[in-house]
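# Understanding the architecture of this molecule
Spelled out, the chains give:
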Amino acid sequence: MKEELIKKAYEIAVERYAAVGVDVEKAMERLQQIQLSLHCWQADDVSGFECADGELSGGIQATGNYPGKARNMEELRQDILKATSMIPGKHRLNLHAIYGDFEGEKVDRDQIEPKHFRTWMEWAKENEMKLDFNSSSFSHPLSGSLSLSNPDENIRQFWIEHTKRCRNIANEMGKFQDDPCIMNLWVHDGSKDQTVCRMKYRELLKDSLDQIYAVDYKDMKDCIESKVFGIGLESYTVGSNDFYIGYGVSRNKIITLDTGHFHPTESVADKISSLLLYTSEIMLHVSRPIRWDSDHVTIMNDDTLELAKEIVRCDALDRVHIGLDYFDASINRIGAYVVGSRATQKCLMQALLEPLAKLREYEANDQLFERLALLEESKSLPWNAVWDMFCLKNNVPVGNEFITEIEKYEAEVTSKR
Ligand code: RNT
Ligand code: ZN
């Protein structure tokens, strides 16, 4: 797009926003500071680099077989850098334990160590990226349908050991990058059909977590993620929302809200203000649920917009960590990163451009028609001109220009894999 045109549109936008009391420059500066935590697993359909060729299990599925999936660490890193070159701003990378640099060795999950993530830490530093981390309880011979809540003490201890090691690795990452590494814990534990000992597995999970969290670390932060159900585990989820909210509030842990993990009519946005009264921070996994799948590529829909607006309306940008979590194997995977990340940023951009002072004033004065009218009008204010300027300033493709970039990368790189 012509620079001149972008600038012209931007100048008009600045005036339109000023008329409703919004400082566009300030909004752009704030967006610049927001780092998304990009999930590494979109590039390879959650396969990882363990020397084992198991299927993806644990109630999650990546459907599709679009060519060009990253087959090893070099390809995955190359793809991530390609994707970030089309996403404005600086971002974090979220790794799973199965993505260690095992150098062709078989390292079981209860054996992983910080050294297996050393090259990641160095690579991230070279590329000015901070790392986040996740324990991986799925896709393993001992995953079954119960990991941390397994009544078999050997299996349970295996996963406790794995998760303890993950916390230590996350802490080393945090130290190395001089910024706390956020470690997410999600386990798939549940059952397909009617379950009569619901309490028992939850007691076991609670006990496992207490063992895992017995050590205090200062360079990492813990977060815990609930789910409604997994595929093949439809009737009961040990780590439900209620379970983790109770656990998180009582143990001072961060709650992860995955936008694909709630009932379809439940508003995830509305959870922000309640949770933040009881927990210091929130982690988000921004995704898009479609029927049984919780992980379609994020788009700029009402759910994502409302979520972004709630964070801003709660003045909570510093307390909410925004990670992405989806995996689509049916389209160009780098394209999926770029679409989902930019969609999330577009929502944040609109949230930051909301005429909030005026809206709050209307609400305080009980001017409810005025509030509704301004909310409606603000939807069609020229936020897109500000977004284009943001992309231009950040030296990334403006508008749909990234489509050809991705096609080019596909022709030159991914299609040859
Ligand atoms: C699964 C959870 C979890 C995973 C990743 C791979 O439903 O959302 O966060 O997607 O850890
Ligand atoms: Zn998630």
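Look above for the structure.
Structural notes, computed from the coordinates. Since we're looking at a predicted model, the values are computed, not measured.

Bringing the site of ligand 1 into the picture now. Neighbouring residues of ligand 1: Trp41, Ile60, His96, Trp186, Glu225, Lys227, Asp258, His261, His285, Asp325 and Phe327. A distance of 2.7 Å separates an oxygen atom of ligand 1 from a polar atom in the side chain of Glu225. At a separation of 2.7 Å, an oxygen atom of ligand 1 approaches a polar side-chain atom of Asp325. Considering ligand 1 on its own, with 310 Å² of exposed area, one finds that the protein chains cover 99% of that surface. The residue inventory of the shell around ligand 1, partitioned by class, reads 4 nonpolar, 3 polar and 4 charged.

Another point: the sheet that holds strand β2 (residues 92-96). Here we have 8 strands rolled up into a closed barrel, ordered β1-β2-β3-β4-β6-β8-β9-β12, and parallel in their pairing. Strand-to-strand twist in this sheet, taken as the mean axis angle between neighbours without regard to direction, amounts to 30°.

Look at Asp366: it is not a glycine, yet its phi comes out positive at around 65°. Within the secondary structure, Asp366 sits in the loop between α11 (356-364) and α12 (368-379). The class for Asp366 is exposed, based on a relative accessible area of 59%. Even without being a glycine, Asn395 presents a positive backbone phi close to 60°.

Below, the discussion takes up the coordination of the zinc ion (ligand 2). Ligation of the zinc ion (ligand 2) by protein atoms is provided by Glu225 (OE), Asp258 (OD), His285 (ND1) and Asp325 (OD), these donors lying 2.1 Å from the ion. Of note is the zinc ion (ligand 2), whose 6 donor atoms meet at the metal with angles of 71 to 167° in an arrangement that counts as octahedral. If you list the donors of the zinc ion (ligand 2) from N- to C-terminus, the spacing comes out as E-x32-D-x26-H-x39-D. Residue Glu225 is located in strand β6 (residues 220-225), and its partner Asp325 is located in the loop between β12 (320-324) and α10 (333-352); the two are separated by 100 residues in the primary sequence. The two residues Glu225 and Asp325 agree in class, both being buried.

The next thing to look at is a nonpolar patch on the surface. Residues Val249, Leu277 and Tyr278 make up a contiguous nonpolar surface patch of about 360 Å² in total accessible area. Structurally, Tyr278 is set in the loop between α8 (271-275) and β9 (282-286). Judged by its relative accessible area of 61%, Tyr278 is exposed.

With that out of the way, let us pick up the state of the cysteines. Summed over all chains, the structure comprises 0 disulfides. With no disulfide of its own, Cys181 has Cys223 as its nearest cysteine by sulfur position, at a separation of 9.3 Å. The class of Cys181 is buried, set by a relative accessible area of 0%.

This paragraph deals with helix α7 (residues 241-251). Of all the positions in α7, only Asn241, Phe243, Tyr244, Tyr247 and Gly248 are classed as buried. Looking down the long axis of α7, one finds its buried residues gathered within 155° of arc, a one-sided arrangement. For α7, the secondary structure elements touched by its buried residues are β4 (181-185), α6 (198-212), β6, β8 (254-258) and α8.

This paragraph deals with the nonpolar core. Formed by 117 residues in total, the largest nonpolar core has its most connected members in Leu93, Leu95, Trp120, Phe133 and Leu284. In terms of residue count, the dominant contributor to this core is α10 (9 residues).

What follows deals with the environment of Ser135. Mapped onto the secondary structure, Ser135 falls in the loop between β3 (131-134) and α5 (153-177). Ser135 gets classed as buried once you look at its relative accessible area, which sits at 4%. For the pair formed by Ser135 and Leu56, sequence separation is 79 residues and the distance between their alpha carbons is 15 Å. When neighbours within four sequence positions are excluded, Ser135 is seen to be in contact with His96, Ala97, His162, Thr163, Cys166, Met183, Asn184 and Leu185.

Okay, the pairing of β6 next. For a regular strand, side chains alternate in direction, first toward one face of the sheet and then toward the other. Most of β6 is tucked away: 5 of the 6 residues are buried. In this sheet, β6 lies alongside β4 in parallel orientation, the contact comprising 5 bridges. By the bridge assignment for β6, Leu185 is matched with Ile224. Here 3 bridges tie β6 to β8, and the two strands are oriented parallel to one another. Paired with Cys223 across the bridge in β8 is Ile254.

Of all the 5 residues making up β4, 5 are buried; the element is thus mostly covered by neighbouring parts of the structure. Burial along β4 is two-sided: Cys181, Met183 and Leu185 and Ile182 and Asn184, pointing in opposite directions, are all buried. Where β3 lies against β4, 2 bridges are found, and the strand directions are parallel. Paired with Asn134 across the strands is Asn184, a residue of β4.

Here the focus is the environment of Gly21. Note that Gly21 resides in the loop between α1 (3-19) and α2 (24-33). Taking relative accessible area as the criterion, Gly21 reaches 62% and is therefore assigned exposed. The spacing of Gly21 and Tyr236 is 215 residues in sequence and 49 Å in space, taken between C-alpha atoms.

To continue, consider the side chain of Asp110. Of note, Asp110 is situated in the loop between β2 and α4 (118-126). Here Asp110 sits buried without a salt bridge, and the closest side chain of opposite charge, Arg165, lies 6.4 Å off (N-O distance). Residue contacts for Asp110: discarding those within four places in its chain leaves Phe158, Glu161, His162 and Arg165.

Okay, the packing of helix α9 (residues 302-313) against α10 next. Contact pair α9 / α10: the axes reach a minimum separation of 8 Å and the direction vectors enclose 45°. Classed by the angle they form, the pair α9 and α10 counts as oblique. For the element pair α9 and α10, the recorded crossing hand is right-handed. In this structure, α9 uses Thr304, Leu305, Ala308, Lys309 and Val312 to contact α10, whose residues at the interface are Cys347, Leu348, Gln350, Ala351 and Leu352. Looking at the contact of α9 with α10, its residues break down into 7 nonpolar, 2 polar and 1 charged.

Thresholds applied
Just so you know, the residues in each chain are numbered from 1, in the order the chain's sequence is written. Naming scheme: in the order in which they are written, chains are lettered from A and ligands are numbered from 1. Predicted model: local features are reported for residues with pLDDT of at least 70 only, side-chain atom pairs are reported and counted for 80 or more only, and whole-chain, interface and lining totals are derived from all residues. Only hydrogens and water are set aside; all other atoms, that is, all heavy atoms of the structure, feed into the side-chain values. A molecule or strand has a residue near it when one of that residue's heavy atoms lies within 4 Å. Here a polar contact is recorded for every N or O atom pair within 3.5 Å, except that within protein the pair must consist of a potential hydrogen donor and a potential acceptor, and residues adjacent in sequence are included only if both atoms are side-chain atoms. Note that accessible areas follow from Shrake-Rupley with a 1.4 Å probe, and for residues the cover is restricted to the protein chains shown. Side-chain classes follow a simple rule in which Ala, Val, Leu, Ile, Met, Phe, Trp, Tyr, Cys and Pro form the nonpolar group, Asp, Glu, Lys and Arg form the charged group, and the remainder, Gly included, forms the polar group. Paired strands are those between which DSSP finds at least two bridges. Helix and strand definitions follow DSSP, with helices as H or I runs of at least four residues and strands as E runs of at least two, each counted in order from the N terminus. Axes, fitted as lines to C-alpha atoms, cover a helix only where it is in contact. Angles between the N-to-C directions of the axes lie from 0 to 180 degrees. Throughout this description, buried means an accessible area under 20% of the type-specific maximum (1.4 Å probe, protein chains only), exposed means over 50%, and partly exposed covers the range between. Here the term donor refers to an N, O or S atom within 2.8 Å of the metal (or 3.2 Å for Na, K and Ca), and because water is left out of the atoms, sites may appear incomplete. Under the classification used here, a metal with four donors is tetrahedral if each angle lies between 85 and 135 degrees, square planar if opposite donors are over 155 degrees apart and the others between 65 and 115, a six-donor metal meeting that same test is octahedral, and anything else is irregular. A patch consists of residues exposed above 30% relative accessible area that lack any salt bridge, with like charges linked at up to 9 Å and nonpolar side chains (Val, Leu, Ile, Met, Phe, Trp, Tyr) linked at up to 5 Å. Within this document, salt bridges are pairs made up of a side-chain nitrogen of Lys or Arg and a carboxyl oxygen of Asp or Glu, the two lying within 4 Å of each other. For the purposes of this analysis, a disulfide is any pair of cysteine sulfur atoms at a distance within 2.5 Å. It is the directions from the helix axis to the C-beta atoms that the arc portrays. Residue contacts are counted whenever heavy atoms from the two residues lie within 4.5 Å of one another. Here, the term nonpolar core denotes a set of buried Ala, Val, Leu, Ile, Met, Phe, Trp, Tyr and Cys residues that are joined through side-chain atoms within 4.5 Å. Residues counted as positive are Lys and Arg, residues counted as negative are Asp and Glu, and His and the chain ends are not counted. Roughly parallel covers angles under 35 degrees, roughly antiparallel covers those over 145, roughly perpendicular covers 65 to 115, and oblique covers all other angles. Handedness of each helix crossing follows the sense of rotation of the near helix against the far helix: counterclockwise by less than a right angle gives left-handed, clockwise gives right-handed.

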